[in-house]
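# Analysis of the macromolecular model
Residue strings, one per chain:
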Amino acid sequence: SKEVLELMRGEMLVAQQDFFNARKAFAKALEENLAYAPAHVRLARVALAQGELDEALQEYEQAVQIEDAYPAAHNDYGVALL
């Protein structure tokens, strides 16, 4: 699916520390499927890497609301809240 393709593209960009374009890729994944929790988690991780805690918390909250049975999202959200 297109959202998975964009998610993987974003992951590659994160590995290259190209956070600007990684965010764009994750946002594009969400354009394809707004309820795609992994894209919300990846956006949150990039936001945290850039020191944007409020944005990260919003993305994590959306991810856990969308997919309650997503342990990594719950864990990362809890760590960010601390």
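Up top is the structure these notes are about.
First things first, this report covers the structure right here in the doc. Predicted model only: the values in this text are computed from it and were never measured.

## A short note on the packing of helix 4 (residues 53-66) against helix 5 (residues 71-81)
As a packed pair, helix 4 and helix 5 sit with axes 9 Å apart at the nearest point and diverge in direction by 150°. Overall, the two elements helix 4 and helix 5 adopt an arrangement that is roughly antiparallel. Here helix 4 runs over helix 5; the crossing is left-handed. In this structure, helix 4 uses Leu53, Leu57, Tyr60, Glu61, Ala63 and Val64 to contact helix 5, whose residues at the interface are Ala73, His74, Asp76, Tyr77, Ala80 and Leu81. Along the lines of polarity and charge, the residues of the contact of helix 4 with helix 5 split into nine nonpolar, one polar and two charged.

## Some remarks on the side chain of glutamate 6
By the element assignment, glutamate 6 lies in helix 1 (residues 2-15). Relative accessible area serves as the criterion here: at 10%, glutamate 6 is assigned to the buried category.

## Examining unusual backbone geometry
Of note in this structure, glutamine 17 is not a glycine but carries a positive phi near 60°. With respect to the helices, strands and loops of the structure, glutamine 17 is situated in the loop between helix 1 and helix 2 (19-32).

## Focus on the pattern of salt bridges
In the structure shown here, the tally under the stated rule is five salt bridges. For aspartate 76, the salt bridge identified is with arginine 45, shortest N-O distance 2.7 Å. Note that aspartate 76 is positioned in helix 5 and arginine 45 in helix 3 (residues 37-49), a separation of 31 residues in sequence. Residues joined in a network through salt bridges with shared partners are Arg23, Glu52 and Glu55.

## Brief notes about helix 4
Counting along an α-helix, one turn takes 3.6 residues, and residues three or four places apart therefore face a common direction. The terminal C-alpha atoms of helix 4, which comprises 14 residues, lie 20 Å apart, in line with the 20 Å expected from a rise of 1.5 Å per residue. Within the span of helix 4, buried status applies to Ala56, Leu57, Glu59, Tyr60, Ala63 and Val64. Axial view of helix 4: buried residues confined to an arc of 165°, hence all on one face. Seen from the open side of helix 4, the exposed residues pointing more than 90 degrees away from its buried face are Asp54, Gln58 and Gln65. Check the buried side of helix 4 and you find it contacts helix 3 and helix 5.

## So, the packing of aromatic side chains
Applying the stated criterion across every chain, the model contains one aromatic pair. Seen in terms of ring centroids, tyrosine 60 and tyrosine 77 are 6.2 Å apart; in terms of plane orientation they differ by 35°. Their pairing is tilted. Of the two residues, tyrosine 60 is situated in helix 4 and tyrosine 77 in helix 5; the sequence distance between them amounts to 17 residues. According to the relative accessible area criterion, tyrosine 60 is buried, its value standing at 2%.

Conventions we followed
- Residues numbered from 1 in each chain as written.
- Predicted model: local features only at pLDDT ≥ 70, side-chain atom pairs only at ≥ 80, totals over all residues.
- Heavy atoms only, no water.
- Axes fitted to C-alpha atoms, helices over the stretch in contact; angles between N-to-C directions.
- Helix = DSSP H or I, 4+ residues; strand = E, 2+ residues; numbered from the N terminus.
- Parallel < 35°, antiparallel > 145°, perpendicular 65-115°, else oblique.
- Left-handed = near helix turned anticlockwise from the far one by under 90°.
- Contact = heavy atoms within 4.5 Å.
- Nonpolar A, V, L, I, M, F, W, Y, C, P; charged D, E, K, R; others polar.
- Buried < 20%, exposed > 50% of the residue type's maximum accessible area, 1.4 Å probe, protein only.
- Salt bridge = Lys/Arg side-chain N within 4 Å of Asp/Glu carboxyl O.
- Expected span 1.5 Å × (residues − 1).
- Arc of directions from axis to C-beta.
- Phe/Tyr/Trp six-rings, centres within 6.5 Å; stacked < 30°, edge-to-face > 60°.

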